[in-house]
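What follows is the residue order along each chain.
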Amino acid sequence: LLENIEQEMVAENYDKLQALVHNLKNSVGIIGADNLFHLLDNLEFSLNTLPPTAETVNMLDKMKTLARLSLKEIIEEYKNA
């Protein structure tokens, strides 16, 4: 999903990008990663302004980093369970 988000950003397919961010936000909400959820919520709202601002692009980068860290934490948690 993160790769798809990156591809749609590069392709400037903002409708698809916003839909992917929304889908990721829903998934993140289910697992309870609150910080990432709120970042995705802000990002989804920011994508209403087109073309994306520099702040929105920075949020995308921060989101990808935070998503990868969260995923690593979840994997480690399940390994230790």
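K.L.:
Describe the overall build of the protein, and please don't skip the residues or the numbers.
P.N.:
Along the backbone of the protein there are four helices and zero strands. Written out in order from the N terminus, the α and β elements of the protein read α-α-α-α. A compact globule built from 81 residues should have a C-alpha radius of gyration of about 12 Å, and the protein, at 13 Å, falls within 12% of that. Expressed along its principal axes, the backbone C-alpha trace of the protein runs to roughly 45 × 20 × 20 Å.

K.L.:
For the pattern of salt bridges, give the residues involved together with the corresponding values.
P.N.:
A side chain with one charge can pair with a side chain of the opposite charge if their charged atoms come near. If you walk through the whole model with that rule in mind, you get five salt bridges. Note that Asp61 is salt-bridged to Lys64, the shortest N-O span being 3.5 Å. Here the residue Asp61 and the residue Lys64 both occupy positions in helix 4 (residues 54-80), the gap between them amounting to three residues, near one helical turn. Residue classification places Asp61 among the partly exposed positions, given a relative accessible area of 39%. Measuring nitrogen to oxygen at the nearest pair gives 3.7 Å for the salt bridge that ties Glu76 to Lys79.

K.L.:
An account of helix 2 (residues 14-31) is needed here, citing residue identities and associated values.
P.N.:
Helix length check: helix 2 (18 residues) gives 26 Å between terminal C-alpha atoms against 26 Å at 1.5 Å per residue, within 8%. Taken together, the buried positions of helix 2 are occupied by Tyr14, Leu17, Gln18, Leu20, Val21, Leu24, Lys25 and Val28. In a view along the axis of helix 2, the buried residues occupy a sector of 160°, so they form one face of it. Pointing more than 90 degrees away from the buried face of helix 2 are the exposed residues Asp15 and Ile30. Buried positions along helix 2 lie against helix 1 (2-10), helix 3 (34-46) and helix 4. Once helix 2 ends, the next one or two residues include Gly32, with phi positive near 85°.

Scoring rules and cut-offs
Residues numbered from 1 in each chain as written. Predicted model: local features only at pLDDT ≥ 70, side-chain atom pairs only at ≥ 80, totals over all residues. Heavy atoms only, no water. Helix = DSSP H or I, 4+ residues; strand = E, 2+ residues; numbered from the N terminus. Rg over C-alpha atoms; globule rule 2.2 N^0.38 Å. Salt bridge = Lys/Arg side-chain N within 4 Å of Asp/Glu carboxyl O. Buried < 20%, exposed > 50% of the residue type's maximum accessible area, 1.4 Å probe, protein only. Expected span 1.5 Å × (residues − 1). Arc of directions from axis to C-beta. Contact = heavy atoms within 4.5 Å.

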